[in-house]
Amino acid sequence: MTDREFDIVLYGATGFSGQLTAQYLAQRGSQARIALAGRSAERLQAVRQTLGPAARDWPVIAADAAQPSTLAAMAVRTQVVVTTVGPYARYGLPLVAACAAAGTDYADLTGELMFARNAIDHYHKQAGDTGARIVLSCGFDSVPSDLNAYQLYRRAAGDGAGELCDTTLVLRSFSQLGASGGTIASLLGTIRAASSDAQTRGIIDDPYTLTTDRAAEPELGPQPDFGWRRGRDIAPELARYWTGAFILAAHNARITRHSNALQGWTYGRDFRYSEAMSFGKSWAAPVASAIATGALSAAVYLGNRYFGKLPPRFVERITPKSGAGPSTRARRRGHYAVETYTTTTTGARYVATFGQSCDAYQGTSIMLGESGLALALDRDRLSELRGVLTPAAAMGDALLARLPAAGVSMGTTQLG
């Protein structure tokens, strides 16, 4: 595909996440041939003017999910399409179809399980046949989760310490002062899909929602999405801490489990994965974590059954407008850090760390930008897998090499 006109086309460059990603690529993408795409050429040109001299000559491409032929014409011109256009369940599948047909690599920010399931059902085989990598969830959903498990697998394998068993990610610290309209729309889209159909709800509740072969998946008993646990039950290093439900756990866990399956269960057949959020170790921590876990569990349970019955006007009133998000100051003052603890089949214990000195939205633009650059420029570091993939399964080695240079703090430590 080196004879294609562009290395990367950023689709959705006028939206909140799209503009952040465009800004990042303008700073870090000097080696790539980049174009901006979206519904309005005029708005794309206005965004381009804010990006500085590096983006001055970037072409703009008018393309619209409502006109699939425009997406097809865009896909054949580039090696990689990076898309921030959500909710993906509403707008994403026509672009996946165009990239799968053209053999064009693709990276998105989806946190929507049914979109991911539908992309696999309809386009996994075709993308495999044409050589396309359709890589899902390349932002805060779900790169930290996916790459930490991949780091642990690589470290344990290198040490000859066996396969991964019980593995838990803990969000140790974070600062986030708001949610973008796109994030809220994506979360509500998954809940709406679950509430509309009992069969869909069953697919979402399955711990292996994204599997391509359900019968081949290991049966490890219940793997609940939201749990209330003492930190010491996860790792001795978390003694005195309390953990509770993490809102992104359901999607992240299924992406990470699917990475294991896509790579032939190389993490291990007993790889049992979950996620939690630390509530600290104060006297109030057990109460706060219990309340938060109960409230989130109840909200998801009720939403997955009754959300579709709410009046549309009420939903519109409580949903932020698309394109809105945290301020520049809030993003730059933000931070987050996650730790993933595992025990291997030989009894060795490890922790993997992943963090950024910015909020999750700014961090997402970095991770998505680096994913696009990895797919376009680091082809010797990419896996041989094709089809609808996860970040670790498609480009784990490339991201392990790229992200530290992009300011991500990451690594592994043996604990015992």
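As a reminder, the structure under discussion sits directly above these lines.
Residues numbered from 1 in each chain as written. Predicted model: local features only at pLDDT ≥ 70, side-chain atom pairs only at ≥ 80, totals over all residues. Heavy atoms only, no water.

**Quick notes on the overall build of the chain**
Scanning the chain for helices and strands turns up 15 helices and 14 strands. Taken over C-alpha atoms, the radius of gyration comes to 20 Å for the chain, in line with the 22 Å a tight globule of 416 residues would show. By principal-axis analysis of the C-alpha atoms, the chain measures approximately 55 × 55 × 45 Å. Across the 416 residues of the chain, 55% fall into the buried class. (Helix = DSSP H or I, 4+ residues; strand = E, 2+ residues; numbered from the N terminus. Rg over C-alpha atoms; globule rule 2.2 N^0.38 Å. Buried < 20%, exposed > 50% of the residue type's maximum accessible area, 1.4 Å probe, protein only.)

**What to know about the packing of helix α3 (residues 68-75) against helix α5 (residues 93-102)**
Packing of α3 against α5 leaves a shortest axis separation of 9 Å and a crossing angle of 40°. Taken together, α3 and α5 sit at an angle that is classed as oblique. Note that α3 runs across α5; the crossing there is right-handed. On α5, the residues that touch Leu71, Ala72, Met74 and Ala75 of α3 are Pro94, Leu95, Ala98, Cys99 and Ala102. For the contact of α3 with α5, the residue count by class is 9 nonpolar, no polar and no charged. (Axes fitted to C-alpha atoms, helices over the stretch in contact; angles between N-to-C directions. Parallel < 35°, antiparallel > 145°, perpendicular 65-115°, else oblique. Left-handed = near helix turned anticlockwise from the far one by under 90°. Contact = heavy atoms within 4.5 Å. Nonpolar A, V, L, I, M, F, W, Y, C, P; charged D, E, K, R; others polar.)

**Comments concerning the sheet that holds strand β7 (residues 164-175)**
On the basis of which strands lie adjacent, the open sheet formed by 7 strands has the order β8-β9-β10-β7-β11-β12-β14 and mixed pairing. Of all strands in the sheet, those bounded by a partner on one side alone are β8 (229-230) and β14 (409-414). In this sheet, strand β10 (residues 272-278) lies alongside β7 in parallel orientation, the contact comprising 6 bridges. Bridging from a neighbouring strand, valine 170 pairs with alanine 276 of β10. (Pairing = 2+ DSSP bridges.)

**Thoughts on the pattern of salt bridges**
As enumerated under the stated definition, the model contains 16 salt bridges in all. With a shortest N-O distance of 3.4 Å, arginine 379 and aspartate 105 are connected by a salt bridge. Highlighted residues: arginine 379 in the loop between α14 (360-377) and β13 (387-389) and aspartate 105 in strand β5 (residues 105-107), separated in sequence by 274 residues. Taking the shortest distance from any N to any O, the salt bridge between arginine 402 and aspartate 378 comes out at 2.6 Å. Taken together, the positions of arginine 402 in helix α15 (residues 391-402) and aspartate 378 in the loop between α14 and β13 put the pair 24 residues apart, joining distant regions of the chain. (Salt bridge = Lys/Arg side-chain N within 4 Å of Asp/Glu carboxyl O.)

**A word on a nonpolar patch on the surface**
Nonpolar side chains collect at one region of the surface, where Tyr301, Leu302 and Tyr306 lie side by side and expose about 330 Å² of accessible area between them. Relative to the helices and strands, tyrosine 306 resides in helix α11 (residues 285-306). Residue tyrosine 306 is classed as partly exposed on the basis of its relative accessible area, which comes to 44%. (Patch = residues over 30% accessible without salt bridge, like charges linked within 9 Å, V, L, I, M, F, W, Y side chains within 5 Å. Areas by Shrake-Rupley, 256 points an atom, 1.4 Å probe, with all protein chains shown as cover.)

**With respect to the packing of aromatic side chains**
Evaluation of the coordinates by the stated rule reveals 8 aromatic pairs. Measuring from centroid to centroid gives 4.9 Å for phenylalanine 140 and tyrosine 336, while their planes differ by 75°, and the two rings are edge-to-face. Of this pair, phenylalanine 140 sits in the loop between β6 (133-135) and α7 (143-159) while tyrosine 336 sits in strand β11 (residues 335-344), and the two are 196 residues apart along the sequence. Judged by its relative accessible area of 15%, phenylalanine 140 falls in the buried class. The interplanar angle of 25° and the centroid separation of 5.6 Å between the aromatic rings of tryptophan 228 and tryptophan 242 together place this pair among those described as stacked. Of this pair, tryptophan 228 sits in the loop between α9 (198-205) and β8 while tryptophan 242 sits in strand β9 (residues 242-244), placing them 14 residues apart in sequence. For tryptophan 228, a relative accessible area of 45% translates into the label partly exposed. An aromatic cluster of at least three residues, connected via ring pairs, comprises Tyr150, Tyr153, Tyr267, Phe271 and Tyr273. Above the face of the tyrosine 241 ring, arginine 172 is positioned so that its terminal group lies 4.7 Å from the ring centre. When the ring centre of tryptophan 265 is taken as reference, the NZ or CZ atom of arginine 269 above it lies at 4.7 Å. (Phe/Tyr/Trp six-rings, centres within 6.5 Å; stacked < 30°, edge-to-face > 60°. Lys NZ or Arg CZ within 6 Å of the ring centre and 35° of its normal.)

**Notes on α7**
Given a rise of 1.5 Å per residue, 17 residues ought to cover 24 Å, and the 24 Å separating the end C-alpha atoms of α7 matches this to within 8%. All of the buried residues in α7 are Val143, Pro144, Ser145, Asp146, Leu147, Asn148, Ala149, Tyr150, Gln151, Leu152 and Ala156. Two residues or fewer past α7, glycine 160 is found with a positive phi of approximately 65°. (Expected span 1.5 Å × (residues − 1).)

**Digging into the side chain of histidine 258**
Its place among the elements puts histidine 258 in helix α10 (residues 249-262). For histidine 258, a relative accessible area of 4% translates into the label buried. When residues no more than four places from it in sequence are discounted, the contact partners of histidine 258 are Ile120, Leu210, Thr211, Thr212, Val388 and Thr390.

**A few points about the sheet that holds strand β1 (residues 6-11)**
Taken in spatial order, the 7 strands make up an open sheet running β3-β2-β1-β4-β5-β6-β13, and their pairing is parallel. Lying at the two open borders of the sheet, with one neighbouring strand each, are β3 (60-62) and β13. Neighbouring strand axes in the sheet, compared pairwise and without regard to direction, differ in orientation by 20° on average. Sheet analysis places β5 next to β6, joined by 2 bridges and oriented parallel. Within β6, the position partnered with tyrosine 106 by the bridge is isoleucine 134. Contacts from helix α6 (residues 113-130) reach β5, β6 and β13, with the element oriented near 140° to β13.

By themselves, these observations are geometric and do not establish any function.
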